[in-house]
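Results of the structural survey
Okay, here's what each chain looks like letter by letter:
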Amino acid sequence: MTTSKECKPVGRLDGANAATYEKEFLGLLVGDVTSLNIDLSGLDYVSSAGLRVLLVAAKAAKGKGGKVVLSSPKPAILEVLKISGFDKILEVRA
């Protein structure tokens, strides 16, 4: 059975808080939770460190047979996801 949880980072996802968000995202993938919906609507900026956190969460979810879905990114965040190729490796729901 696939169970999903949702989380919503706010503001910036960068080197200053990447470890905190990584711990939060991985902490949600416990027990029967296999998938995460990460609502990006509150995110204003994402750095390469932030992208790494999304990738780490996606690999953890995939390891449990689930996935990470990135939803509602603002146009600037969506552009970063496209430029970095993350829209090809993760499901992005604009």
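Just above sits the structure.
Described in the following lines is the structure provided in the data block. (Residues numbered from 1 in each chain as written. Predicted model: local features only at pLDDT ≥ 70, side-chain atom pairs only at ≥ 80, totals over all residues. Heavy atoms only, no water.)

1. Description of the pattern of salt bridges
Going by this rule: In what follows, salt bridge is the name for a side-chain nitrogen of Lys or Arg lying within 4 Å of a carboxyl oxygen of Asp or Glu. Under the DSSP-based scheme used, a helix requires at least four consecutive residues in state H or I and a strand at least two consecutive residues in state E, with every element numbered from the N terminus. Exposure is judged per residue with a 1.4 Å probe applied to protein chains only, and the accessible area is read against the type maximum: over 50% gives exposed, under 20% gives buried, and values in between give partly exposed.
Taken as a whole, this structure holds 6 salt bridges when the rule is applied. Here Asp14 and Arg12 are joined by a salt bridge, their closest N and O atoms 2.8 Å apart. Across the salt bridge formed by Glu91 and Lys67, the nearest N and O atoms sit 2.8 Å from each other. With Glu91 in strand 6 (residues 91–93) and Lys67 in the loop between helix 2 (48–63) and strand 5 (68–71), this pair connects stretches of sequence that are 24 residues apart. Of the residues examined, Lys67 reaches a relative accessible area of 40% and is grouped as partly exposed. Each of the salt bridges in this network shares a partner with another, and the network as a whole consists of Lys67, Glu91 and Arg93.

2. Topic: the pairing of strand 5
Applied cut-off: Paired strands are those between which DSSP finds at least two bridges.
Of the two faces of strand 5, both are covered, the one formed by Val68 and Leu70 as well as the one formed by Val69 and Ser71. Across 4 bridges, strand 3 (residues 33–39) lies against strand 5 in parallel orientation. Residue pairing across strands places Leu36 opposite Val68, the latter belonging to strand 5. Pairing between strand 5 and strand 6: 3 bridges, direction parallel. Note on strand 6: the bridge partner recorded for Ser71 is Arg93.

3. Here we look at the pairing of strand 3
For a regular strand, side chains alternate in direction, first toward one face of the sheet and then toward the other. Of all 7 residues making up strand 3, 7 are buried, and the element is well covered by its neighbours. Here 5 bridges tie strand 1 (residues 3–7) to strand 3, and the two strands are oriented parallel to one another. Within the sheet, the bridge partner assigned to Glu6 lies in strand 3 and is Asn37.

4. With respect to helix 3 (residues 75–83)
Given 3.6 residues to a turn, an α-helix orients residues that are three or four positions apart in the same direction. Note the following rule: What the arc measures is the spread of directions leading from the helix axis to the C-beta atoms. Residue contacts follow a heavy-atom distance rule, with two residues in contact if any of their heavy atoms lie within 4.5 Å.
For helix 3, the full list of buried residues reads Ile77, Leu78 and Leu81. Down the axis of helix 3, the buried set is contained in an arc of 100°. They therefore lie on one face. The exposed set on the far side of helix 3, more than 90 degrees from its buried face, consists of Pro75 and Ile83. Close packing links the buried residues of helix 3 with strand 4 (43–46), helix 2, strand 5, helix 4 (86–89) and strand 6. At the C-terminal side of helix 3, Gly85 shows a positive phi close to 85°.

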